[in-house]
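This is what each chain is made of:
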Amino acid sequence: MEQTDDIGGSGRFWPALREFGEAVATLLVTFIGLLAVTFIISRVVPIDPVTALIGERATAQQIAAARAELRLDEPMIVQFGRYVWGVLHGDFGTSIKTGRPVIEEIARFFPATLELSTLATILGVLVGVPAGVLAATKPGSIADQVVRLVGLMGYSMPVFWLGLIGLLVFYGTLGWVGGPGRLDAGYDMMMDFEVTQYTGMILLDTALNGRWDMFANALSHIILPAGLLGYLSMAYISRMTRSFMMNELGQEYITTARVKGMPERRVVWVHAMKNALVPLITVIALSYAFLLEGAVLTETIFSWPGLGRYITDALMVADMPAVMGGTIVVGAVYIGLNLVSDLLYKLADPRART
Amino acid sequence: MTGVITWLRDPNPTSRAQARFGQTYMGFLRLRRNHLAMIGLTISVVLVLMSIFAPALAPYDPIAQNLSERFIPPLSPGHWLGTDDFGRDIWSRILYGSRITLYIVLLVILTAPVAGLIIGTVAGYFGGWTDRVLMRITDIFLAFPKLILALALVAVLGPGMVNAVLAIALTSWPPYARVARAETLTVRSSDYIAAVRLQGAGPVRIIFGHIMPMCLPSVIIRVTLDMAGVILTAAGLGFLGLGVQPPLPEWGLMVSSGRKFLFEQWWVSTMPGLAIFIVSLGFNLLGDGLRDVLDPRSSGK
């Protein structure tokens with residue numbers, strides 16, 4: 001008897017702790033793996049850092065001295081350890097192009113990407129979930145076919161091309177939205193001098209400063225890229241919602257609810273939705289991560305000063321510390337989102353707790 | 001023709017080949033009922049034909065410049081998709097570009113799934129530490145943002161078609177390893193494997209001869225579903241100038257080269273982008289339909 005009490009009581013603490021520990025260990029191993037890959041990539045770069053630093057006509061002695069100074073003469077594993085230690089302390093190296101610490105530059109570029117992908121995810125969820133539910137409640141109907149086709153089109157869309165078409169139609173021809181960049185050129189200057197930048201996210205900052213004219217301008221600029229990325233995330237979310245809802249609607253508890261005479265709307269949106277929501281959380285987190293990545297191409301098109309453009313710009317001038325720093329940050333966010341979605345899943349679904 | 005169909009539909013096949021062809025035929029009949037999948041199949045077949053017969057179909061040389069015919073708008077006589085900034089016929093370039101697209105897709109699907117298959121089956125068959133280490137490595141690659149890793153790799157290897165293929169392949173094998181491992185775990189302890197082992201077969205023979213064939217169907221479904229993604233990633237790399245280099249008519253590169261004239265000569269980037277979209281939609285429709293036919297569990301019905 002005591003034993004069963006124990007399982008329900010304090011005995012649950014240890015498995016939960018162990019599970020949490022395992023999750024953290026997995027996270028750490030994955031992160032170290034990420035660093036190992038970026039380390040290897042940046043070490044096999046054909047550009048020799050020593051030659052780049054002291055020129056090609058240096059004597060052997062000078063080269064040896066420079067190598068020692070850069071600590072390139074140490075064993076690989078020691079170098080890797082130093083690299084990991086540096087990254088964990090926020091040292092991503094110095095950008096070759098600007099000569100400034102990579103971490104500072106990333107901190108400046110990241111909010112723009114975060115703002116864009118957050119808005120896109122919100123749009124994707126707002127449209128994608130109802131569309132998926134609609135398709136699932138009427139399988140085989142016209143609505144279902146339309147949702148399926150629109151979703152597949154989103155899967156097949158080259159995002160850079162869609163961005164160009166969007167600019168051509170909504171900016172170039174119709175003039176409904178702002179063009180590339182986060183603000184009109186005139187406002188861009190004001191942003192630096194007249195607005196206190198609390199978050200680096202332009203919509204939030206202008207609203208917090210009560211500059212609604214700038215807010216409107218920023219909105220007209222962000223709506224097109226956010227809408228396009230939102231479409232991509234909608235494509236994914238609506239497909240997944242449909243399949244999860246189909247799964248739930250086929251269960252016996254749904255039949256029971258219907259037989260009891262429960263209104264169909266309540267059956268779908270309360271009973272089935274509650275259970276479909278569990279896997280859906282994972283999907284939404286994954287699509288968020290996917291958008292951070294999709295931003296690379298979108299930001300290039302819309303001259304959006306975010307992390308994606310930072311990485312591609314650095315690539316063009318072979319600024320490897322900047323490229324690797326950006327890759328690490330995106331990878332870390334990606335890994336983090338995966339972990340969060342995993343934990344949320346376990347929180348929401350008691351069956352997933354072991 | 002009717003004779004062939006009767007032979008295919010024979011409920012009591014007399015040979016292994018007849019049974020196999022019969023199954024394939026029944027699968028095709030099921031696929032035929034899915035109109036969207038048939039559209040996808042048509043697009044894919046047309047793509048293959050286009051690339052094979054590009055020299056015969058293309059009215060102009062895809063690379064030779066003709067500066068007197070710059071920026072001819074679409075639907076003009078002789079250039080129904082217009083010409084680009086060097087006076088090259090866009091339709092001819094799209095036709096030849098389909099070869100590059102197919103070439104990249106073929107190279108990726110000949111490498112990534114094979115690597116994934118080997119890693120997955122080895123991990124699943126041996127289990128224990130082998131499994132743990134291999135799957136941890138797989139998870140690390142799976143946790144990577146694909147496009148960014150491909151970008152970083154191309155940055156190091158240098159731009160170019162082969163390097164782009166390498167980067168895409170290196171980032172797309174992990175899902176195959178996962179699928180192959182899952183399939184291996186289900187067949188590993190079955191009687192027929194035990195029988196083969198008792199006959200004295202070594203692990204290499206068991207894995208390659210008896211486990212891998214069982215994993216093939218699920219891997220093939222994944223390949224069809226992944227092809228559109230490969231096309232999009234390759235085009236994205238091309239668009240950023242990190243994939244195929246000019247003057248080759250790669251579609252992503254063509255979109256990018258038309259960016260400068262987007263508002264005045266919109267067709268230069270729009271047309272090749274449309275080609276990318278149609279082709280990846282075709283593969284997606286086909287893959288979606290194939291999954292419904294070959295893998296009824298995930299059809300969602």
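These figures come from a predicted structure and were not determined experimentally. (Residues numbered from 1 in each chain as written. Chains lettered and ligands numbered in written order. Predicted model: local features only at pLDDT ≥ 70, side-chain atom pairs only at ≥ 80, totals over all residues.)

Asker: Before we go on, may I ask you to explain the overall build of chain B in this structure?
Answerer: Helices and strands together make up the secondary structure of chain B, namely 13 helices and 0 strands. Counting from the amino terminus, helix and strand elements in chain B follow one another as α-α-α-α-α-α-α-α-α-α-α-α-α. Residue burial in chain B is summarised as follows: out of 301 residues, 42% are buried. Expressed as a percentage of contacts within chain B between residues at least 6 apart in sequence, the contacts between residues at least 24 apart total 67%. (Helix = DSSP H or I, 4+ residues; strand = E, 2+ residues; numbered from the N terminus. Buried ≥ 20, exposed ≤ 12 C-beta atoms within 10 Å, placed from the backbone. Contact = placed C-beta atoms within 7 Å.)

Asker: In this structure, what is going on with the overall build of chain A? I would like to understand it.
Answerer: A tally of helices and strands in chain A yields 15 helices and 0 strands. Within chain A, the fraction of its 354 residues that count as buried is 38%. Put simply, of all contacts in chain A between residues at least 6 apart along the chain, 71% involve residues at least 24 apart.

Asker: Explanation requested: the confidence of the model for chain B in the structure shown.
Answerer: Mean pLDDT over chain B stands at 85; residues scoring 70 or higher make up 97%. If you check the scores for this complex, the pTM reads 0.84 and the ipTM reads 0.83. (pLDDT = per-residue confidence, 0-100.)

Asker: Where do I start with the interface of chain B and chain A in this structure?
Answerer: You'll often see interface size given as the accessible area lost when the parts meet. Chain B puts 37 residues into the contact, and the matching count from chain A is 40 residues. Elements with a contribution of two residues or more to the side of chain B that touches chain A: helix 6 (128-142), helix 7 (146-157), helix 11 (203-239) and helix 13 (267-294) of chain B. Of the residues forming the side of chain B that touches chain A, the biggest block, 10 residues, is contributed by helix 13 of chain B. Here the side of chain B that touches chain A is built from residues that sort into 25 nonpolar, 7 polar and 5 charged. (Nonpolar A, V, L, I, M, F, W, Y, C, P; charged D, E, K, R; others polar.)

Asker: Can you help me understand the environment of Gly151(A) in this one?
Answerer: Residues and elements named next belong to chain A. Tracing the backbone shows Gly151 in helix 7 (residues 142-156). For Gly151, a count of 26 C-beta atoms within 10 Å gives the class buried. Sequence separation of Gly151 and Met191 is 40 residues, and the distance between their C-alpha atoms is 38 Å.

Asker: Can you help me understand the domain arrangement of chain A in this one?
Answerer: All names here are of chain A. Domain boundaries in chain A define domain 1 (2-88) and domain 2 (103-353). Opposite the 12 residues of domain 1 that make contact, domain 2 presents 11 residues. In terms of residue count, the dominant contributor to the side of domain 1 that touches domain 2 is helix 2 (residues 13-43) (9 residues). The residue makeup of the side of domain 1 that touches domain 2, split by class, is 9 nonpolar, 3 polar and no charged. (Domains from an automatic or database assignment.)

Asker: How should the packing of helix 11 (residues 212-249) of chain A against helix 13 (residues 264-301) of chain A be read in this particular structure?
Answerer: In a packed pair of helices, the relevant descriptors are the angle between the two axes and the axis-to-axis distance. Residue and element names in this part refer to chain A. At their nearest, the axes of helix 11 and helix 13 sit 9 Å apart, and the two run at 155° to each other. Taken together, the axes of helix 11 and helix 13 are roughly antiparallel relative to one another. Note that helix 11 runs across helix 13; the crossing there is right-handed. The residue makeup of the contact of helix 11 with helix 13, split by class, is 17 nonpolar, 6 polar and 1 charged. (Axes fitted to C-alpha atoms, helices over the stretch in contact; angles between N-to-C directions. Parallel < 35°, antiparallel > 145°, perpendicular 65-115°, else oblique. Left-handed = near helix turned anticlockwise from the far one by under 90°.)

Asker: Sorry if this is basic, but what is going on with the nonpolar core here?
Answerer: Residues Leu151(B) and Ile231(B) are the most contacted members of the largest nonpolar core, which totals 162 residues. When residues of this core are assigned to their parent elements, the largest contribution, 17 residues, is made by helix 13 of chain A. The residues that make up this core include at least three from each of domain 1 (2-88) and domain 2 (103-353) of chain A. Apart from the residues within four sequence positions on either side, Ile231(B) is in contact with Thr101(B), Val105(B), Ile276(B), Val279(B) and Ser280(B). (Core = buried A, V, L, I, M, F, W, Y, C linked by C-beta atoms within 7 Å.)

Asker: Would you explain the packing of helix 5 (residues 90-126) of chain B against helix 13 of chain B in this entry?
Answerer: All names here are of chain B. Following both chains from N to C, one finds helix 5 and helix 13 inclined at 40°, their axes separated by 11 Å at the closest point. Put simply, helix 5 runs oblique to helix 13. As helix 5 packs across helix 13, the resulting crossing turns out to be right-handed. Contact residues: helix 5 offers Ile90, Ile94, Gly97 and Thr101, while helix 13 offers Trp267, Met271, Pro272, Ala275 and Val279. When its residues are assigned to classes, the contact of helix 5 with helix 13 shows 7 nonpolar, 2 polar and no charged.

Asker: I would appreciate a short explanation of helix 6 of chain B in the present structure.
Answerer: Each full turn of the α-helix corresponds to 3.6 residues, which orients residues three or four apart in the same direction. All names here are of chain B. Between its first and last C-alpha, helix 6 extends 21 Å over 15 residues, near the 21 Å set by a 1.5 Å rise per residue. For helix 6, the full list of buried residues reads Thr138, Ile140 and Phe141. Along the long axis of helix 6, the arc covered by the buried residues comes to 160°, so they all point the same way. Away from its buried face by more than 90 degrees, helix 6 exposes Gly128, Trp129 and Arg132. (Expected span 1.5 Å × (residues − 1). Arc of directions from axis to C-beta.)

Asker: In this structure, what is going on with the confidence of the model for chain A? I would like to understand it.
Answerer: Residues and elements named next belong to chain A. For chain A, per-residue confidence averages 80 on the pLDDT scale, and 89% of positions sit at 70 or higher. Mean pLDDT across the elements of chain A ranges from a minimum in helix 1 (residues 2-8), with 44, to a maximum in helix 6 (residues 102-137), with 90. Low pLDDT, under 50, characterises residues 1-9; the stretch is placed with 1 contact to residues that sit more than four places away or in other chains.

Asker: What's the story with helix 14 (residues 307-316) of chain A in this structure? I'm lost.
Answerer: Residue and element names in this part refer to chain A. For helix 14, the tally of buried residues reaches 8 of 10 residues, placing the bulk of the element in the interior. Listed in full, the buried residues belonging to helix 14 are Leu307, Gly308, Arg309, Tyr310, Ile311, Thr312, Ala314 and Leu315. At the C-terminal side of helix 14, Ala318 shows a positive phi close to 55°.

Asker: Help me understand the environment of Gln61(A), please; the structure alone is not making it clear to me.
Answerer: All names here are of chain A. By secondary structure assignment, the location of Gln61 is in helix 4 (residues 60-69). Gln61 gets classed as exposed once you count the C-beta atoms within 10 Å, which come to 8. Separated by 202 residues in sequence, Gln61 and Pro263 have C-alpha atoms that sit 85 Å apart.

Asker: What should I look at first to understand unusual backbone geometry in this one?
Answerer: Peptide bonds are mostly trans, and most non-glycine residues show a negative phi. Cis geometry is found at the peptide bond from Pro246(B) to Pro247(B), where omega equals 5°. One can find Pro247(B) in the loop between helix 11 and helix 12 (251-257). Positive phi, close to 45°, is recorded for Ser303(A), a residue that is not glycine. Residue class for Ser303(A) comes out exposed when judged on the 12 C-beta atoms lying within 10 Å of it. Notably, Phe71(B) is not glycine yet its phi reads approximately 50°, a positive angle. Position of Phe71(B) among the secondary structure elements: in the loop between helix 4 (54-57) and helix 5. The exposure class assigned to Phe71(B) is partly exposed, which follows from the 15 C-beta atoms found within 10 Å.

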